[in-house]
Amino acid sequence: MRQQDPLPASAGGRLAEAMQRGDVFADLCPSREVLNHVTSRWGVLLLVALLGGTHRFSELRRKVRGISEKMLAQTLQSLEGDGFVDRIAYPVVPPHVEYRLTPLGLEVGQRVEALADWIELNLGEILSARQAKQATQASVD
């Protein structure tokens, strides 16, 4: 399929709409970076965890087992930068910081939760397919 040339700006504002939407297949489109943040292993898990409400850093670390402090901090910063997570710092000693989803974060969180739920519901079939593929590869080798 041939990619169409962009429409002129006078074509009813469609160019502005197209630019606003993004093109995840374009190598330099910023939507790829956002997609990476949202669909990374830790991004998905943190978004789903935050669907449960506001959490402190240590609560998220306990809830999302296996994530390092460094990866938790980096992933939260990425999701915050994309407008999905609010970081609320209270001016107290010791420091008290909480994280919660923004309305945009709630929407994307629900979408990745649906994917995670689908994977868990179909895990038996997925593991069977994986095992069959490994058995086939082993017999070829």
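Higher on the page you've got the structure.
Residues numbered from 1 in each chain as written. Predicted model: local features only at pLDDT ≥ 70, side-chain atom pairs only at ≥ 80, totals over all residues. Heavy atoms only, no water.

Regarding the overall build of the chain
Convention followed: We count a stretch as a helix when DSSP gives it H or I for four or more residues in a row; a strand needs E for two or more, and each element gets its number in order from the N terminus. Each residue is assigned to one of three classes by its accessible area relative to the maximum for its type, calculated with a 1.4 Å probe on protein chains only: buried under 20%, partly exposed between the two thresholds, exposed over 50%. Contact definition: two residues touch when any of their heavy atoms are within 4.5 Å. Every accessible area reported is derived by Shrake-Rupley at a probe size of 1.4 Å, with residue values counting cover from the shown protein chains alone.
A count of helices and strands for the chain gives seven helices and three strands. Listing the helices and strands of the chain from first to last along the sequence gives α-α-α-β-α-α-β-β-α-α. Counting all 141 residues of the chain, 22% fall into the buried class. Contacts in the chain between residues at least 24 apart in sequence constitute 42% of all its contacts with a sequence separation of at least 6. When the accessible surface of the chain is split by element, carbon and sulfur atoms take 55% of a total near 10600 Å².

Concerning the pairing of strand β3 (residues 96-101)
What counts here: A pair of strands is considered paired only if DSSP assigns at least 2 bridges between the two.
Examined bridge by bridge, strand β1 (residues 55-56) and β3 share two bridges and lie antiparallel to one another. Bridging from a neighbouring strand, His 55 pairs with Tyr 99 of β3. The sheet contact formed by strand β2 (residues 85-90) and β3 spans six bridges and is antiparallel. In the sheet register, Ile 88 faces β3, and the bridge partner there is Glu 98. Connecting β2 to the next strand, β3, in antiparallel fashion are five residues.

Quick word on the side chain of Glu 98
The criterion, for reference: Polar contacts, as used here, are pairs of N or O atoms within 3.5 Å; protein pairs need one atom able to donate a hydrogen and one able to accept it. Residues neighboring in sequence count only if both atoms are side-chain atoms.
In this structure, Glu 98 sits in strand β3. Reaching out from Glu 98, the side chain makes a polar contact with the side chain of His 96 at a distance of 3.0 Å. With residues up to four places along the chain from it excluded, the contact list for Glu 98 reads Thr 54, His 55, Arg 56, Asp 86, Arg 87, Ile 88 and Tyr 90.

Focus: the sheet that holds β3
Test applied: Interaxial angles span 0 to 180 degrees and are taken between N-to-C directions of axes, which are lines fitted to C-alpha atoms, for helices over the stretch in contact.
Read from one edge of the open sheet, three strands run β1-β3-β2, paired in antiparallel fashion. Each edge of the open sheet is held by one strand with a lone partner, namely β1 and β2. Here helix α3 (residues 41-50) sits on the sheet and contacts β1, β2 and β3; the angle it forms with β3, its principal contact strand, is near 95°.

A short note on the pattern of salt bridges
Oppositely charged side chains may form a pair once their charged atoms are brought near each other. For the record, the criterion: We count a salt bridge whenever a side-chain nitrogen from Lys or Arg sits within 4 Å of a carboxyl oxygen from Asp or Glu.
Following the criterion strictly, the structure yields three salt bridges and no others. We note a salt bridge from Arg 61 to Glu 69, for which the minimum N-O separation is 3.3 Å. We classify Glu 69 as partly exposed; its relative accessible area is 47%. The closest approach of N and O atoms between Glu 107 and Arg 111, which form a salt bridge, is 3.6 Å.

A short note on the packing of helix α2 (residues 31-39) against α3
Stated formally: Under the convention adopted here, Pro, Cys and the residues Ala, Val, Leu, Ile, Met, Phe, Trp and Tyr are nonpolar, Asp, Glu, Lys and Arg are charged, and Gly plus all remaining residues are polar.
Where α2 meets α3, the closest approach of the two axes is 4 Å, and the angle between their N-to-C directions is 65°. On α3, the residues that touch His 37, Val 38 and Thr 39 of α2 are Arg 41, Gly 43, Val 44 and Leu 47. In terms of residue class, the contact of α2 with α3 is made up of three nonpolar, three polar and one charged.

Overview of the nonpolar core
Our working definition: Grouping buried Ala, Val, Leu, Ile, Met, Phe, Trp, Tyr and Cys residues that are joined through side-chain atoms within 4.5 Å yields what is termed a nonpolar core.
If you look at the biggest cluster of nonpolar residues, it comprises 20 residues, and the most contacted ones within it are Leu 46, Leu 47 and Leu 60. Secondary-structure elements contributing two or more residues to this core are α3, α5 (69-81), β3 and α6 (103-121). Considering every element that reaches this core, the biggest residue donor is α3, with six residues.

Geometric values such as these leave the question of function open.
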